[in-house]
Amino acid sequence: MPYYTPTEEMLEKIHSRISELALNVKTKQHLEPEDVFFDSQEFMLLMNISKRTAQQWRDNKVIGFSQIGNKIYYRLCDIQELLKENYNIKKEQ
């Protein structure tokens with residue numbers, strides 16, 4: 001396997017995107033969960049899922065969403081509720 005060395009420009013883009021996401025998270029932490037919305041891309045990154053999985057979740061009413069035109073948004077409180085509903089309690093040994 002060849003050794004990969006990213007260019008300075010690529011590293012700057014990665015750093016910029018990470019900084020942008022970190023600022024976005026910090027800003028959203030101080031709001032009420034009902035007031036925080038994630039767009040599809042942010043939601044898919046947060047949940048580490050594909051577009052198809054997000055579509056299936058919407059179709060199967062696994063998670064609530066808002067749609068304005070072609071843009072889809074998810075409330076933080078709905079994401080938290082989805083995670084709580086699917087939480088598995090650790091078994092004691």
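Throughout this description, residue numbers start from 1 for each chain and increase along the sequence as written. The predicted origin of the model limits local features to residues at a pLDDT of at least 70 and limits the giving and counting of side-chain atom pairs to 80 or more, whereas totals for whole chains, interfaces and linings rest on all residues. Computation of side-chain values covers all heavy atoms of the structure but excludes hydrogens and water.

Draft legend 1. Spotlight on the overall build of the protein. Helix and strand counts for the protein come out as four helices and three strands. In this description a helix means any DSSP run of H or I spanning at least four residues, a strand means any run of E spanning at least two, and both kinds are numbered starting from the N terminus. Its helices and strands in sequence order give the protein the pattern α-β-α-α-β-β-α, from N to C terminus. Projected onto the principal axes, the alpha-carbon positions of the protein cover approximately 50 × 45 × 30 Å. In the protein, buried positions account for 19% of the 93 residues. The contacts of the protein with a sequence gap of at least 6 include a subset with a gap of at least 24, amounting to 48%. Note on areas: these come from Shrake-Rupley sampling with a 1.4 Å probe, and a residue is covered only by the protein chains present in the view. Carbon together with sulfur atoms contributes 54% to the accessible area of the protein, which is approximately 8100 Å² in total. Only protein chains enter the area calculation, which uses a 1.4 Å probe; residues under 20% of their type maximum are buried, those over 50% are exposed, and those in between are partly exposed. We call two residues in contact whenever any of their non-hydrogen atoms come within 4.5 Å of each other.

Draft legend 2. Just the nonpolar core, in detail. In this structure, Phe43, Tyr74 and Ile79 are the most contacted members of the largest nonpolar core, which totals 13 residues. Only helix H2 (40-47), strand S3 (71-75) and helix H4 (76-85) provide two or more residues apiece to this core. Setting aside residues up to four positions removed in sequence, Phe43 forms contacts with Phe38, Ile49, Ala54, Trp57, Ile63, Tyr74 and Ile79. Only buried Ala, Val, Leu, Ile, Met, Phe, Trp, Tyr and Cys residues count toward a nonpolar core, and they belong to the same one when joined by side-chain atoms within 4.5 Å.

Draft legend 3. Broad picture of the packing of aromatic side chains. Only rings of Phe, Tyr and Trp enter the pairing, Trp through its six-membered ring, and a pair is recorded when the two centres are within 6.5 Å. The plane angle decides the type: under 30 degrees is stacked, over 60 is edge-to-face, the rest tilted. For the structure shown, the criterion picks out two aromatic pairs. For the ring pair Phe43 and Trp57, a centre distance of 6.2 Å and an interplane angle of 70° mean the geometry is edge-to-face. Of this pair, Phe43 sits in helix H2 while Trp57 sits in helix H3 (residues 51-59), and the two are 14 residues apart along the sequence. Seen from their ring centres, Phe43 and Tyr74 are 3.8 Å apart, and the 20° between their planes marks the pair as stacked. Highlighted residues: Phe43 in helix H2 and Tyr74 in strand S3, separated in sequence by 31 residues. The class for Tyr74 is buried, based on a relative accessible area of 0%. By the ring-pair criterion, three or more aromatic residues cluster together here, those being Phe43, Trp57 and Tyr74.

Any functional reading would require information beyond the geometric quantities listed.
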